[in-house]
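Overview (structure and organization)
Listed here are the chains, written in short residue letters.
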Amino acid sequence: LARPHVFSWLFLLGAIWYAEKAPARFGFWQAVGIAGATALWANLHASFFFAPIIGLIYAAAHFIRPLIWNFDRASEFARARWFLLAAAAALAGCFVNPYGWKLHTHVVSYLMDSELLDRVAEYQSFNFHTAASAQILATLALAAMGGTLALTQKNVAHFLLAAMFSIAALRSARALPLVALLI
């Protein structure tokens, strides 16, 4: 059976890796690369919406850091701008698919259809009462501790990523592998 979500894990790992290694200046070729990778992601799996979200998380983190701690505002705001441009490039790239904007409305309507999501087991919360739940609990506990540690190290992006994926994993068992892979 085809399992395209496995490819989406690779794209998600690649997006976070790229965000961590982002170059200092945002140029035309970075925009083309980000848009192209997101277009490919959008044509493989519906989790493409993580690409602009990751850019927005890193932008928010760089915007927030000098407001909380003593960081150079100009350089942090420049990094925030870089990630906003990256998020915009990712958003533009995900429209390059055979369905255009209709793919986005389909994904949103699918994820907002509570009746459908109530019937699909992988979108249900994980049953923490099963005998094998200790490993899942340990993974989520490590993710929460890692997010807290990231915040104590003034790494807001890692904290926000840990919070987002941990909350998603508590709501849907489908997000548990993402916590294990990323956080």
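Refer to the structure above for everything that follows.
Everything numeric in this text was worked out from a predicted model, so none of it was measured. Think of each chain on its own: its residues are numbered from 1, step by step along the sequence as written. Since the coordinates come from a predicted model, pLDDT governs what is reported: local features require at least 70, and pairs of side-chain atoms require 80 or more to be given and counted, while whole-chain, interface and lining totals use all residues. The side-chain quantities take in all heavy atoms of the structure and omit both hydrogens and water.

**A short note on the packing of helix α3 (residues 50-68) against helix α4 (residues 73-93)**
Selection criterion: Working convention: axes come from line fits to C-alpha atoms, limited for helices to the stretch in contact. Angles between N-to-C directions cover 0 to 180 degrees. The secondary structure listing takes helices from DSSP runs of H or I that are at least 4 residues long and strands from runs of E that are at least 2 residues long, numbered from the N terminus. Roughly parallel here means an angle under 35 degrees, roughly antiparallel means over 145, roughly perpendicular means 65 to 115, and every remaining angle is called oblique. The crossing is said to be left-handed when, going from far helix to near helix, the turn is anticlockwise and less than a right angle, and right-handed when the turn is clockwise. Contacts were defined at the residue level, with two residues in contact if any of their heavy atoms lie within 4.5 Å.
Closest axis-to-axis distance for the α3/α4 pair is 8 Å, and the angle between their directions is 165°. Between α3 and α4, the angle is such that the two are roughly antiparallel. Crossing geometry of α3 relative to α4 is assigned as left-handed. Judged by residue contacts, Ala 51, Pro 52, Gly 55, Leu 56, Tyr 58, Ala 59, His 62, Phe 63, Arg 65, Pro 66 and Leu 67 of α3 engage Arg 73, Glu 76, Phe 77, Arg 79, Ala 80, Phe 83, Leu 84, Ala 87, Ala 90 and Leu 91 from α4.

**As for α4**
The test is simple: Residue count minus one, scaled by 1.5 Å, sets the expected span of a helix. Burial here depends on accessible area, computed with a 1.4 Å probe over protein chains only, as a share of the maximum for the residue type. Under 20% is buried, over 50% is exposed, and the range in between is partly exposed.
Between its terminal C-alpha atoms α4 stretches 30 Å, which fits the 30 Å expected from 21 residues at 1.5 Å a residue. Residues of α4 that are buried: Glu 76, Arg 79, Ala 80, Trp 82, Phe 83, Ala 86, Ala 87, Ala 89, Ala 90 and Gly 93.

**With respect to the environment of Leu 181**
As for its position among the elements, Leu 181 is in helix α9 (residues 176-182). The class of Leu 181 is partly exposed, set by a relative accessible area of 38%. C-alpha of Leu 181 to C-alpha of Leu 13: the two residues are 168 residues apart in sequence and 8.0 Å apart in space. Setting aside anything within four residues of it in sequence, one finds Leu 181 in contact with Trp 9 and Leu 13.

**Some details on the environment of Ala 89**
Secondary-structure assignment places Ala 89 in helix α4. Distance in space between the C-alpha atoms of Ala 89 and Gln 30 is 8.7 Å, their sequence separation being 59 residues. When near neighbours in sequence (up to four residues on either side) are disregarded, Ala 89 contacts Phe 26, Ala 31, Ile 34 and Ala 35.

**Digging into the nonpolar core**
Filter applied, for reference: Working definition of a nonpolar core: buried Ala, Val, Leu, Ile, Met, Phe, Trp, Tyr and Cys residues. They are joined through side-chain atoms within 4.5 Å.
Counting 36 residues, the largest nonpolar core has Trp 41, Ile 54 and Tyr 58 as the members making the most contacts within it. Contributing elements (two or more residues each) for this core: α1 (5-20), α2 (28-44), α3, α4, α5 (101-112), α7 (133-152), α8 (156-171) and α9. With seven residues, the top contributor of residues to this core is α3. With residues up to four places along the chain from it excluded, the contact list for Tyr 58 reads Ile 16, Ala 19, Glu 20, Phe 83, Ala 157, His 158 and Leu 161.

Take it as geometry only, folks, not as evidence of what the structure does.
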